[in-house]
Protein chains: 2
Amino acid sequence: MRDLKIVDFLDQLADRVPAPGGGATAALHAAQAAALLGMVARYTTGEKYTEHAETVVAVIAETDSLRARALRLAEEDAAAFTAVTDAYRLPKGEERSAAIARALAGAAEPPARVAETATRLVELCELLLPIGNRNVVTDVAAAADAARAALTTARVNVEINLRGIKDERVREELNIRISGVDAAVARADWVTAEVREEIS
Amino acid sequence: MRDLKIVDFLDQLADRVPAPGGGATAALHAAQAAALLGMVARYTTGEKYTEHAETVVAVIAETDSLRARALRLAEEDAAAFTAVTDAYRLPKGEERSAAIARALAGAAEPPARVAETATRLVELCELLLPIGNRNVVTDVAAAADAARAALTTARVNVEINLRGIKDERVREELNIRISGVDAAVARADWVTAEVREEIS
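Predicted model only: the values in this text are computed from it and were never measured.

Calculation criteria
Residues numbered from 1 in each chain as written. Chains lettered and ligands numbered in written order. Predicted model: local features only at pLDDT ≥ 70, side-chain atom pairs only at ≥ 80, totals over all residues. Heavy atoms only, no water. 1 Å grid on protein atoms, 1.4 Å probe; cavity = no way out; pocket = protein on both sides within 12 Å on 5 of 7 lines; lining within 4 Å. Points joined across faces, edges and corners; volume = space filled by probe spheres on them. Helix = DSSP H or I, 4+ residues; strand = E, 2+ residues; numbered from the N terminus. Core = buried A, V, L, I, M, F, W, Y, C linked by side-chain atoms within 4.5 Å. Buried < 20%, exposed > 50% of the residue type's maximum accessible area, 1.4 Å probe, protein only. Contact = heavy atoms within 4.5 Å. UniProt positions renumbered as here; feature names shortened; annotations may be inferred. Buried area = accessible area lost by both parts, 1.4 Å probe. Salt bridge = Lys/Arg side-chain N within 4 Å of Asp/Glu carboxyl O. Polar contact = N/O pair within 3.5 Å; in protein donor to acceptor, adjacent residues only side chain to side chain. Least-squares fit on C-alpha atoms with pLDDT ≥ 70 in both.

### Topic: empty space enclosed by the protein
Right, so step 1: Here the structure, examined in full by the defined rule, presents 1 cavity of 30 Å³ or more.
Right, so step 2: By volume, the largest cavity is sized at about 30 Å³.
Right, so step 3: Lining the largest cavity are D145, R148, A149 and T152 of chain A together with D145, R148 and A149 of chain B.
Right, so step 4: Among the secondary structure elements, those contributing two or more residues to the lining of the largest cavity are α5 (137-162) of chain A together with α5 (137-162) of chain B.

Next comes the structure, spelled out in structure tokens:
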């Protein structure tokens with residue numbers, strides 16, 4: 001996905017093919033949030049921001065790494081999705097059921113990771129909001145909005161895979177991993193509200 | 001932007017350059033929402049969906065056109081942004097003030113259009129939700145989430161430009177154009193909640 005032209009990615013998204021779909025868009029939302037925070041951090045350097053220099057350097061490094069991670073998750077999402085459709089194509093029997101269960105648990109993994117990545121991105125929005133260069137404060141809000149979309153879209157994608165998973169332990173573990181989404185969404189909304197207040 | 005690789009777009013987004021920024025991401029969110037709805041519509045064809053065939057054909061055509069429009073708006077956003085920075089570089093005087101006012105009003109135009117496009121996309125989510133192929137119902141939620149992010153990010157970008165616009169008529173007109181964002185956001189949230197309810 002990383003080497004696709006934007007116009008071609010969108011064409012594939014609109015096409016009657018199983019992937020890319022919502023999973024890829026969730027990951028791309030997270031990647032955009034990371035990139036926007038990276039830009040805000042890069043505009044928060046120089047003499048005026050000396051006291052925050054250490055934080056800013058750390059944010060640049062972390063957002064670059066989260067951006068790369070989100071792009072990888074978009075690719076893993078497509079691969080995990082293909083594994084599910086492959087499992088359903090196996091001849092009926094015990095082996096097929098086991099393969100489907102494994103594939104569904106595998107397909108829930110990339111969106112669960114996207115949700116975790118997006119949660120961290122919301123924290124970084126909160127970290128940059130008070131210290132970032134005011135000329136790009138709207139980009140902190142844009143990052144919060146993008147992280148929020150990543151959170152909610154990833155959660156739905158975990159939930160749809162949960163539906164087919166019978167193993168109670170796997171179910172419980174996945175449920176725990178998405179249990180913080182509402183709180184992270186509320187924090188993202190707070191960031192956007194603060195930015196709107198500041199520019200009003 | 002359309003011909004940029006995704007990885008290069010994200011690199012530019014993270015870079016210390018004025019554009020692309022939040023404006024481009026808002027437009028890309030809208031383009032993704034349009035693409036996802038196009039996919040859902042393309043999966044809603046054939047005998048089983050005969051009674052909705054006319055609607056589905058219309059949705060495919062409209063989402064394709066909204067997707068292209070959103071991509072154009074991303075490009076217009078970058079151009080309008082450059083016009084603002086150019087205006088600020090003019091020598092001080094009446095001409096500069098007039099040029100800045102014109103440029104700011106121009107810069108508010110692409111995000112205002114993104115918000116309008118995203119509002120229509122939320123309506124199309126509501127239209128497809130009850131009739132679309134259930135196998136891709138989570139993609140209707142993903143489209144609603146993406147349209148929501150387009151709405152809120154575009155609104156902040158209209159608001160930041162509004163701050164510099166003195167002309168009361170221009171201000172009022174822009175305020176009217178973003179006055180429906182909260183209602184559209186609530187409708188997008190309803191779509192996602194309905195999908196989560198259905199798959200739970």
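### A short note on the nonpolar core
Right, so step 1: Ranked by size, the top nonpolar core spans 150 residues in total, and within it L10 and L121 of chain A together with L10 and L121 of chain B carry the most contacts.
Right, so step 2: Contact partners of L10 of chain A, with chain neighbours within four places excluded, come to L28, A31, Q32, A35, R67 and L71 of chain B.

### As for the UniProt feature "domain: Cyclodeaminase/cyclohydrolase" (unreviewed entry) in chain A
Right, so step 1: UniProt tags residues 6-177 of chain A as "domain: Cyclodeaminase/cyclohydrolase" (unreviewed entry).
Right, so step 2: Span residues 6-177 of chain A is 80% helix and 0% strand, its end C-alpha atoms 31 Å apart.

### Regarding the interface of chain B and chain A
Right, so step 1: Each partner contributes to the interface: chain B provides 55 residues, whereas chain A provides 55 residues.
Right, so step 2: The contact between chain B and chain A buries some 4700 Å² in all, and 59% of this surface belongs to carbon and sulfur atoms.
Right, so step 3: Seen at the junction of chain B and chain A, the total is 6 salt bridges.
Right, so step 4: Where R196 of chain B meets E159 of chain A, a salt bridge forms, and the shortest distance between an N and an O atom there is 2.7 Å.
Right, so step 5: Run the count over chain B and chain A and you get 27 residue pairs in polar contact (both at pLDDT 80 or more).
Right, so step 6: For the side of chain B that touches chain A, the secondary structure elements donating two or more residues are α1 (6-14), α2 (22-42), α3 (53-88), α5 and α7 (181-199) of chain B.

### Thoughts on the pattern of salt bridges
Right, so step 1: The tally for this structure, following the rule as stated, stands at 36 salt bridges over all chains.
Right, so step 2: The salt bridge partner of E126 of chain B is R187 of chain B, with a shortest N-O separation of 2.5 Å. Residue E126 of chain B is located in helix α4 (residues 94-128), and its partner R187 of chain B is located in helix α7; the two are separated by 61 residues in the primary sequence.
Right, so step 3: The residue R148 of chain B makes a salt bridge to D189 of chain B at a minimum N-O spacing of 2.8 Å. Here R148 of chain B is found in helix α5, whereas its partner D189 of chain B is found in helix α7, with 41 residues between them in sequence.
Right, so step 4: Given the relative accessible area of 9%, R148 of chain B is considered buried.
Right, so step 5: Members of the salt-bridge network, linked through shared partners, are E76, E109, R113, E116, E173 and R177 of chain A.

### Observations regarding the environment of Y88 of chain B
All names here are of chain B.
Right, so step 1: Looking at the secondary structure, you find Y88 in helix α3.
Right, so step 2: When its relative accessible area of 42% is taken as the criterion, Y88 is described as partly exposed.
Right, so step 3: In this structure the C-alpha to C-alpha distance between Y88 and A99, which are 11 residues apart in sequence, comes to 8.2 Å.
Right, so step 4: Excluding its chain neighbours within four sequence positions, the residues that come into contact with Y88 are R96, I100 and L104.

### Structural notes on the relation of the copies chain B and chain A
Right, so step 1: When chain B is fitted to chain A, the best match, at an RMSD of 0.0 Å, comes from turning it 180° and sliding it 0.0 Å along the axis. With respect to symmetry, the two chain copies, as superposed, fit the operation of a two-fold axis. Distance from the rotation axis, computed per C-alpha, reaches its smallest value in chain B at K5 of chain B: 2.0 Å.
Right, so step 2: Interface residue correspondence from chain B to chain A reaches 100%, placing this contact among same-surface, isologous pairings.

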